[in-house]
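# Coordinate inspection notes
In case you want the letters, here they are:
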Amino acid sequence: MQASFLMASANPDPPATPGGVEQTPQFSNTVASKLDPQSGKARAYVAGMEALLLVLSQQEEAIRQGGGQKAIEAQHGKKRLTARERLGLLLDPGEDFLELGLFAAYGMYEEWGGAAAAGVVTGLGLVAGRLVMVIANDATVKAGAFFPMTAKKVLRAQAIAMENRIPTIYLVDSAGVFLPLQEDVFPDQDDFGRIFRNNAVMSAKGIPQITAIMGMCVAGGAYLPVMTDHVLMTEGSGLFLAGPALVQAAIGQKYTAEELGGATMHAEISGTVDFKEPNDHLCLARLRSLVARLGHGPAAPFDRAAYDPRLDRPKFAAQDLYALLDPDPAKGAGNSYDMHEVIARLVDRSQFDEYKADYGKTVLCGYGRIGGFAVGIVANQKTHQTHTSQTGEKRVEFGGVIYAESASKAARFIMDCNQNLIPLIFLHDVNGFMVGRDAEWTGIIRAGAQMVSAVANSTVPKITVILGGSFGAGHYAMCGKAYDPRFLFAWPTARYAVMSGASAATTLVEIKIRQLERGGKQLSEEDKSQVVASIKAAYDEQTDCRYAAARLWVDAIIDPAKTREVLLTALKAAALNPEVEKFNPGVIQT
């Protein structure tokens, strides 16, 4: 970590200035904090955030039960472990597992009994000291069958692994495609077949892939393990393109599952599997042994200073972040807070070199380190700012809104980070771009295009965290999902949509009431109130972070106090890929 230092003279005893004995000023880039976690407002925010986190924790625990206790007992009855029990043996003890997509399919497929976590567990963890991506079918959820969101979750995990060159482990225990929804699983570009295409592409890129078959692996899914580098298989598992019943129906031949595609047959006759193991425990031990021997690729070009977790941690407690935002969604859009308080609790030693600190102040840009990694940070400032125009006119700029000068500053900063090979972190709490005559006259569209273009063509790793609102084109400019962030995380307070809930509800209500009245229906005030309540409830549900996580618009909902840890894991993953494409910004409007 770069230490504080004295400016200018190397002489330890600089001479006095002619007018007196003024000493050389001392340099400091440590962010000051004015947050008082003990204030009444802060304590109320903390209580609200802890209540919200408790609800999320309870929901997460329910999801981790998979198909429920009976399904878990049925899995044990087959002498097999559950997906999460397997992870407990595979991953290094005492190390955190960054689960991705836990809320996938949340509230979906209820007519089929639901699909907890989309029936597959994905995430980043350490195996024999190596950071790996794990993709494990959960056989307690519809026998591990693939729902539409199951395929998309696996594809997202593979996309992360490909972009960051992360070794990938597949723990296969799946009955194949969930047939009642096959038309939404089988045919399209981002459906089931893309998984095997990715296996081939990952292999061509030299990304290690190892598969352990620990249950059923049938039909098209049988291609997955065979397209990876190593195939392990436990006794009692099955690997075949068509199971015994389908073979008998199709060609009239009658075989047992073991004859058709058991571990012994594939180990001794077909030669398809590399390692036959008696049970899950020994299979996972073998897997760890194989991972321990993987070679190490070239280092990424990103700077990482020597780092001591105790000495270089931020100067302020991470839990203070609970005191920053009002977690009440009804008030969230109006949250006003200093984003420096967040940055001070994320970066090493709370040191931050702010770029153009006095210009375009509704977007903060600057340099820091996280776990020794050099990073550039682009963040929305949520407090109102004073601005002096080029004509000398003073105005107040609203916090969370991107103005022309803010967008131009951010675009230049993003280009500088690409020029200097510095990964980017985007911290969202954005209402959108400024509108109105004055904004149009300052060239807000042109400046916004500069920022969006810089984000779109950026080639260094981009990691996004949505803290509060992320609305409209502001979501795009701050590296939303469509702009290829390596990872996208959300706080429980995150909400995003084309516009904020209050604005959207007002607009939608007016449209709905006009439609009803054009149809000849006369609405009483009570009727109108019911329309308002119905539309607002629907819109609030759709802007909730769990709704987004269910559809994989975000990779994980994270505890604000763990943001730094999560970002460090993401940076370690990004650093596994040594290749950075040449940055070509294309046409930048000036």
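Right above here is the structure, for reference.
What counts, and where the lines are drawn
- Residues numbered from 1 in each chain as written.
- Predicted model: local features only at pLDDT ≥ 70, side-chain atom pairs only at ≥ 80, totals over all residues.
- Heavy atoms only, no water.
- Helix = DSSP H or I, 4+ residues; strand = E, 2+ residues; numbered from the N terminus.
- Rg over C-alpha atoms; globule rule 2.2 N^0.38 Å.
- Buried < 20%, exposed > 50% of the residue type's maximum accessible area, 1.4 Å probe, protein only.
- Contact = heavy atoms within 4.5 Å.
- Areas by Shrake-Rupley, 256 points an atom, 1.4 Å probe, with all protein chains shown as cover.
- Lys, Arg positive; Asp, Glu negative; His and termini not counted.
- Charge placed at Lys NZ, Arg CZ, Asp CG, Glu CD.
- Salt bridge = Lys/Arg side-chain N within 4 Å of Asp/Glu carboxyl O.
- Pairing = 2+ DSSP bridges.
- Right-handed = clockwise from strand over helix to strand, strands pointing away.
- Phe/Tyr/Trp six-rings, centres within 6.5 Å; stacked < 30°, edge-to-face > 60°.
- Lys NZ or Arg CZ within 6 Å of the ring centre and 35° of its normal.
- Polar contact = N/O pair within 3.5 Å; in protein donor to acceptor, adjacent residues only side chain to side chain.
- Patch = residues over 30% accessible without salt bridge, like charges linked within 9 Å, V, L, I, M, F, W, Y side chains within 5 Å.
- Expected span 1.5 Å × (residues − 1).
- Core = buried A, V, L, I, M, F, W, Y, C linked by side-chain atoms within 4.5 Å.

Let us now look at the overall build of the protein. The secondary structure content of the protein amounts to 20 helices and 20 strands. Rg of the C-alpha trace for the protein: 27 Å, near the compact-globule value of 25 Å for 590 residues, within the 12% margin. Here the protein holds 590 residues, and 51% of them are scored as buried. Within the protein, residue pairs in contact and separated by at least 24 positions form 74% of the contacts whose partners lie at least 6 positions apart. Total accessible area on the protein stands at roughly 27,100 Å², and carbon and sulfur atoms take up 54% of it. When the 57 basic and 63 acidic side-chain charges of the protein are each reduced to a single mean position, those positions are 2 Å apart.

This paragraph deals with the pattern of salt bridges. Applying the stated criterion across every chain yields a total of 23 salt bridges. For the salt bridge of Glu235 with Lys276, the shortest nitrogen-to-oxygen distance reads 4.0 Å. In this pair, Glu235 sits in the loop between strand S6 (230-234) and strand S7 (238-240) while Lys276 sits in strand S8 (residues 275-277), placing the two residues 41 residues apart along the sequence. For Lys276, a relative accessible area of 31% puts it in the partly exposed group. Arg395 is paired through a salt bridge with Glu397; the nearest N and O atoms lie 2.6 Å apart.

Most of strand S5 (residues 209-218) sits out of view: nine of its 10 residues are buried. Pairing of strand S4 (residues 168-174) with S5, which is carried by six bridges, proceeds in the parallel orientation. Within S5, the position partnered with Thr168 by the bridge is Gln209. Regarding the hand of the β-α-β motif, the stretch spanning S4, helix H5 (residues 193-204) and S5 is right-handed. Pairing geometry for S5 and S6, over four bridges, is parallel.

We now examine the packing of aromatic side chains. Two measures describe an aromatic ring pair: the distance that separates the ring centres and the angle between the ring planes. Tallied over the entire structure, the rule returns 11 aromatic pairs. Where Tyr109 meets Phe147, the ring centres are 4.9 Å apart and the plane angle is 40°; that geometry is what we call tilted. Taken as a pair, Tyr109 in the loop between strand S1 (98-100) and strand S2 (120-127) and Phe147 in the loop between strand S3 (130-137) and helix H4 (148-164) lie far apart in primary sequence, 38 residues in all. Phe147 sits in the buried class, given a relative accessible area of 0%. A ring pair is formed by Phe147 and Phe178, whose centres lie 4.2 Å apart and whose planes are at 20°; its orientation type is stacked. Of this pair, Phe147 sits in the loop between S3 and H4 while Phe178 sits in the loop between S4 and H5, and the two are 31 residues apart along the sequence. Here the aromatic residues Tyr109, Trp112, Phe147 and Phe178 are joined through ring pairs into a cluster of three or more. The ring of Trp441 has Arg437 sitting right over it, with the charged end atom 4.6 Å from the ring centre. When the ring centre of Tyr547 is taken as reference, the NZ or CZ atom of Arg551 above it lies at 3.5 Å.

With that settled, the discussion passes to the environment of Asn335. Topologically, Asn335 is positioned in the loop between helix H11 (329-332) and helix H12 (339-344). If near-sequence neighbours (up to four positions away) are discounted, Asn335 is found in contact with Tyr45, Leu325, Asp326 and Lys382. Within the structure, the side chain of Asn335 is placed 2.9 Å from the backbone nitrogen of Asp326, a separation counted as a polar contact.

Both faces of the sheet carry side chains from a regular strand, because those side chains alternate between them. Here strand S12 (residues 385-388) shows a clear split, with Gln385 and His387 buried on one side and none of Thr386 and Thr388 buried on the other. Pairing of S12 with strand S13 (residues 394-397), which is carried by four bridges, proceeds in the antiparallel orientation. Bridge pairing in S13 links Gln385 to Glu397. Hairpin remark: S12 followed by S13, antiparallel, with five residues in the connecting loop; positive phi at Gly392, about 90°.

A contiguous nonpolar patch, built from Tyr223, Met227 and Leu241 and spanning about 290 Å² of accessible area, is present on the exposed surface. Summarising the element assignment, Met227 is placed in the loop between helix H6 (223-226) and S6.

The next subject is helix H13 (residues 404-419). The end-to-end C-alpha separation of H13 is 23 Å, in line with the 22 Å expected for 16 residues at 1.5 Å each. With 12 of 16 residues buried, H13 lies mostly within the body of the structure. Those residues of H13 not exposed but buried are Ala404, Glu405, Ser406, Ala407, Lys409, Ala410, Ala411, Phe413, Ile414, Asp416, Cys417 and Asn418. One or two positions beyond H13, positive phi appears at Leu421, with a value near 60°.

With that settled, the discussion passes to the nonpolar core. Among the nonpolar cores identified, the biggest contains 70 residues, and Leu427 and Phe489 are the most heavily contacted of them. With seven residues, the top contributor of residues to this core is H4. If sequence neighbours within four positions are ignored, Leu427 has contacts with Met339, Val342, Ile343, Leu346, Ile377, Val378, Ala379, Asn380, Val465, Leu467 and Met478. In terms of nonpolar packing, the next biggest core, distinct from the first, is built from 28 residues, Tyr355, Ile444, Met451 and Ala454 among them.

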